[in-house]
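An overview of the molecular structure
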Amino acid sequence: MDGKFQERKLGGVKAAIFVCGMQVLENMAFMSNVVSLVTYFSGFMNFNLTKSANTLTNYVGTAFLLALLGGFLSDTYLSRFKTCLLFGCVEMVRSYLYTYSNKKLKFNFYSCFFLGYLVLSMQAHFDVLKPTPCGGLAIFDSSKCDAASSGQLAMLYSGLYLVALGSSGIKASLPSLGADQFDERDTKTVSSFFNWFVFSLTFGSVMGLTFVVWVSTNKGWAWAFGICATALFFGVIVVFLGKRFYIINVPNRRGPVVRILQVLVASGKNWKLPVPAPDEKLHELEDKEAAEETEILKRTYQLRFLDRAAIQKSPSDATSDWRLCTVTQVEETKIIIRMLPIILSTIFMNTCLAQLMTFSVQQGLTMDPDLFGFRVPAASLPVIPFLFVIPLVPLYDQVLVPFARKFTGIPTGITYLQRIGVGLVLSIISMSIAGVVETRRKNVAIDHNMVDSMSPLPMTVFWLAFQYAIFGAADMFTLVGLMEFFYAESSVGMKSLGTAISWCSLAFGYYLSSVVVNVVNKVSGGWLASNNLNRDQLNYFYWLLAAVSVLNFGFYLVCSSWYRYKEVEVKKADENDEL
């Protein structure tokens, strides 16, 4: 930890605690809906099996994809703290109770959260706003249920996507805000923060998948959505209370998107020039000017065609950032481009995750919910991987990492990319087990002549715990690895955008899920088309996902071996940090 951090007495663990507290409450609300909405769609909106799964995956994908918007605002116009808070609880109330105080309605993400859950809560409470429910019959035969009207669908989708928009700023900036509280050069401490951040995320998920799901099952969805809105309200309070302890970045109005575009334009203008030789001197800020920067990046020799952007043909070039860029700016662009294959190679793992959050929940609806004397709601089944991760995170952080460090000499035990790779291997194992378990479930249905029965099969939902537990470990390795990787490798002015890009793996994974389900149905002749899991070939689908995951892992090995970690030539003090 450098002297500046100590002198200000800002940052550190005490500041990160407020960030993690916010994460607990936010993820409690978000995750409870990610896994339970599939039962809401089928049981109350009368969607069939495939439409329920696709509606959920499209919603979740949008929520993670919009993190790019939050990352852009955080790095360019707002600090990470303001992006998380966006005028806080006071501004949220003021926006709606005092609309005309400033002659305009102020926008913030938490208002979107509040409005989104308000809309969903109203629809769940008033029967006229939703179709006559079939009590889950839609999973077996949606033709016997009343379809939702266009107005009811409009209300549902507006509520869902207001929540998705509201979550985008938090997902992009909250992890970066927490990591900013530690010296980036202390990779051991920053890595430990991300482990505990995911622990907080997991703890919030467990609360959502137990308490909130229990409320939705026993007290009604209106109560559940109301609890979600209340949790977010207190999340605002928690993150606001930590302001006096935070180290807060000052955004650069020449944000990451503009800086990347400048490099692409400048290199395009110089495309006729030869690619600079390795020993050729390129444009970089002088020492006096460099004092305004927080880090100077060394030149790398991948993607060398972009180096043309740093060739100064005449003194007049220095007057325009669209004609001449610094080596550091070029390297920032190279970093983003080198990261893209890593993201692409992790998308399919999240497509597999989407199946566990949708089809596995629907599997649970057909199985015996009694577990050790407790009746387990199907929507609570995804709590199993989170319960597994809760003890795994401290074990990994406090035992496995120090042990691995003795052999590798790497502060984080293993590299970021190795950690992601471990998660991908575990996801292959999880999907293979899912195929075996589904085969057994189908055989039980056939053996007991219950293929068309709505009664639970004489097979406990505990069987689904195996695939969930292993995938929980896979998610811990890959998710934390991605967040660490993108935060550490992104330049100072792109931390939030880098974090947002890491969430894109989840976004495109969930979007791809809908495509995969539809394509498999068409190509296979209807593995998932009968709208009856006892007749569908979900086991074949799981095995197909496992096989494709093996191919995807091979692609990841190629991408990770090509990647070159950034090298910082000069690291300045964080003079831009806001007091």
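Here is what the cut-offs are and how they apply
- Residues numbered from 1 in each chain as written.
- Predicted model: local features only at pLDDT ≥ 70, side-chain atom pairs only at ≥ 80, totals over all residues.
- Heavy atoms only, no water.
- Helix = DSSP H or I, 4+ residues; strand = E, 2+ residues; numbered from the N terminus.
- Buried < 20%, exposed > 50% of the residue type's maximum accessible area, 1.4 Å probe, protein only.
- Contact = heavy atoms within 4.5 Å.
- Patch = residues over 30% accessible without salt bridge, like charges linked within 9 Å, V, L, I, M, F, W, Y side chains within 5 Å.
- Areas by Shrake-Rupley, 256 points an atom, 1.4 Å probe, with all protein chains shown as cover.
- Salt bridge = Lys/Arg side-chain N within 4 Å of Asp/Glu carboxyl O.
- Pairing = 2+ DSSP bridges.
- Axes fitted to C-alpha atoms, helices over the stretch in contact; angles between N-to-C directions.
- Parallel < 35°, antiparallel > 145°, perpendicular 65-115°, else oblique.
- Left-handed = near helix turned anticlockwise from the far one by under 90°.
- Nonpolar A, V, L, I, M, F, W, Y, C, P; charged D, E, K, R; others polar.
- Phe/Tyr/Trp six-rings, centres within 6.5 Å; stacked < 30°, edge-to-face > 60°.
- Lys NZ or Arg CZ within 6 Å of the ring centre and 35° of its normal.
- Core = buried A, V, L, I, M, F, W, Y, C linked by side-chain atoms within 4.5 Å.
- Polar contact = N/O pair within 3.5 Å; in protein donor to acceptor, adjacent residues only side chain to side chain.
- Expected span 1.5 Å × (residues − 1).
- pLDDT = per-residue confidence, 0-100.

With that out of the way, let us pick up the overall build of the protein chain. A tally of helices and strands in the protein chain yields 20 helices and six strands. Out of the 579 residues in the protein chain, the part that is buried amounts to 58%. Of all intrachain contacts in the protein chain linking residues separated by at least 6 positions in sequence, the fraction that spans at least 24 positions is 83%.

The grouping of Val-257, Leu-261, Leu-264, Val-265 and Trp-322 at the surface amounts to a nonpolar patch, some 380 Å² of accessible area in total. Within the secondary structure layout, Val-257 lies in helix α12 (residues 256-269). Judged by relative accessible area, which is 34%, Val-257 ranks as partly exposed.

So, about unusual backbone geometry. The bulk of non-glycine residues show a negative phi, and the bulk of peptide bonds are trans. The phi angle at Leu-303 is positive, at roughly 50°, despite the residue not being glycine. Here Leu-303 shows up in the loop between β1 (295-297) and α14 (327-344). In this structure Leu-303 comes out as buried when scored by relative accessible area, which is 19%. Positive phi, normally seen in glycine, also occurs at Asn-449, with a value near 50°. In this fold, Asn-449 is placed in the loop between α17 (416-447) and β5 (457-460).

This part takes up the side chain of Gln-262. You can see Gln-262 is positioned in helix α12. On the accessibility criterion, Gln-262 (3% relative accessible area) is buried.

All chains considered together, the criterion is met by nine salt bridges. Between Glu-484 and Arg-419 there is a salt bridge; the shortest N-O distance is 3.0 Å. With a gap of 65 residues between them, Glu-484 in helix α18 (residues 465-489) and Arg-419 in helix α17 connect regions that are remote in the sequence. In this pair, the class of Glu-484 matches that of Arg-419, namely buried. Each of the salt bridges in this network shares a partner with another, and the network as a whole consists of Arg-299, Asp-307, Glu-331 and Lys-334.

Only one face of β5 is buried: it carries Leu-457 and Met-459, and the other face, with Pro-458 and Thr-460, is open. Summarising the sheet, strand β2 (residues 367-368) and β5 pair through two bridges and their orientation is parallel. In the sheet register, Asp-368 faces β5, and the bridge partner there is Thr-460.

Right, let's talk about the packing of helix α9 (residues 150-179) against helix α10 (residues 187-218) for a bit. Where α9 contacts α10, the two axes come as close as 9 Å, and the packing angle between them is 135°. When the axis of α9 is compared with that of α10, the two are oblique. When the axes of α9 and α10 are compared, the crossing they make is right-handed. Contacts between α9 and α10 involve Leu-174, Pro-175, Gly-178 and Ala-179 on the former and, on the latter, Val-190, Phe-193, Phe-194 and Phe-197. When grouped by side-chain class, the residues that make up the contact of α9 with α10 number seven nonpolar, one polar and no charged.

Applying the stated criterion to the full structure yields 23 aromatic pairs. On the numbers, 6.0 Å between centres and 75° between planes, the contact of Phe-359 with Phe-541 is edge-to-face. Of this pair, Phe-359 sits in helix α15 (residues 347-365) while Phe-541 sits in helix α20 (residues 538-562), and the two are 182 residues apart along the sequence. Neither residue differs from the other here; Phe-359 and Phe-541 are each classed as buried. An aromatic cluster is built from Phe-30, Tyr-59, Phe-64, Tyr-161 and Trp-503, whose rings are joined through pairwise contacts. When the ring centre of Phe-30 is taken as reference, the NZ or CZ atom of Lys-171 above it lies at 3.7 Å. Above the plane of the ring of Trp-503 lies Lys-171, whose end atom (NZ or CZ) is 5.8 Å from the centre.

Of all hydrophobic cores here, the largest spans 129 residues; its most connected members are Leu-37, Phe-41, Tyr-59, Phe-359 and Phe-541. If near-sequence neighbours (up to four positions away) are discounted, Phe-541 is found in contact with Gln-355, Phe-359, Val-516, Val-517, Val-520, Trp-527 and Leu-528. Ranked by size, the runner-up nonpolar core spans 11 residues in total, among them Ala-266, Leu-282, Ala-309 and Cys-325.

Another aspect to go through is the environment of Gln-329. Looking at the element boundaries, Gln-329 is found in helix α14. In sequence terms Gln-329 and Pro-256 are 73 residues apart; their C-alpha atoms lie 9.4 Å from each other. There is a polar contact of 2.8 Å between the side chain of Gln-329 and the side chain of Gln-262.

Here we take up α18. With 25 residues, α18 extends 35 Å from end C-alpha to end C-alpha; this agrees with the ideal 36 Å at 1.5 Å per step. Summarising burial for α18: 23 of the 25 residues are buried, a large majority.

On to the packing of α10 against helix α16 (residues 383-408), then. In a pair of packed helices, the angle between the axes and the distance between the axes together describe the arrangement. Packing of α10 against α16 leaves a shortest axis separation of 7 Å and a crossing angle of 165°. When the axis of α10 is compared with that of α16, the two are roughly antiparallel. Remark: the crossing between α10 and α16 carries left-handed chirality. For the pair α10 and α16, the contacting residues are Lys-188, Ser-192, Asn-195, Trp-196, Phe-199, Thr-202, Phe-203, Ser-205, Val-206, Leu-209 and Thr-210 in the first and Val-383, Phe-386, Leu-387, Val-389, Ile-390, Val-393, Pro-394, Tyr-396, Asp-397, Gln-398 and Arg-405 in the second.

Of note, Ser-549 is situated in helix α20. Along the sequence, Ser-549 and Met-431 sit 118 residues apart, while their C-alpha atoms lie 8.7 Å from each other. Beyond its immediate stretch of four places on either side in the chain, Ser-549 contacts Phe-348, Cys-352 and Ile-428.

When the pLDDT values of the protein chain are averaged, the result is 79; 85% of them are 70 or greater. When pLDDT is averaged over each helix and strand of the protein chain, the minimum, 34, is found for helix α6 (residues 88-97) and the maximum, 95, for α20. In the model, residues 1-8 has pLDDT below 50 throughout and makes 17 contacts with residues more than four positions away in sequence or in other chains. This model gives residues 87-109 a pLDDT under 50, and the stretch forms 35 contacts once residues within four places in sequence are excluded.

The terminal C-alpha atoms of helix α19 (residues 495-524), which comprises 30 residues, lie 43 Å apart, in line with the 44 Å expected from a rise of 1.5 Å per residue. With 21 of 30 residues buried, α19 lies mostly within the body of the structure. In the stretch just after α19, Gly-525 is the one whose phi turns positive, near 85°.

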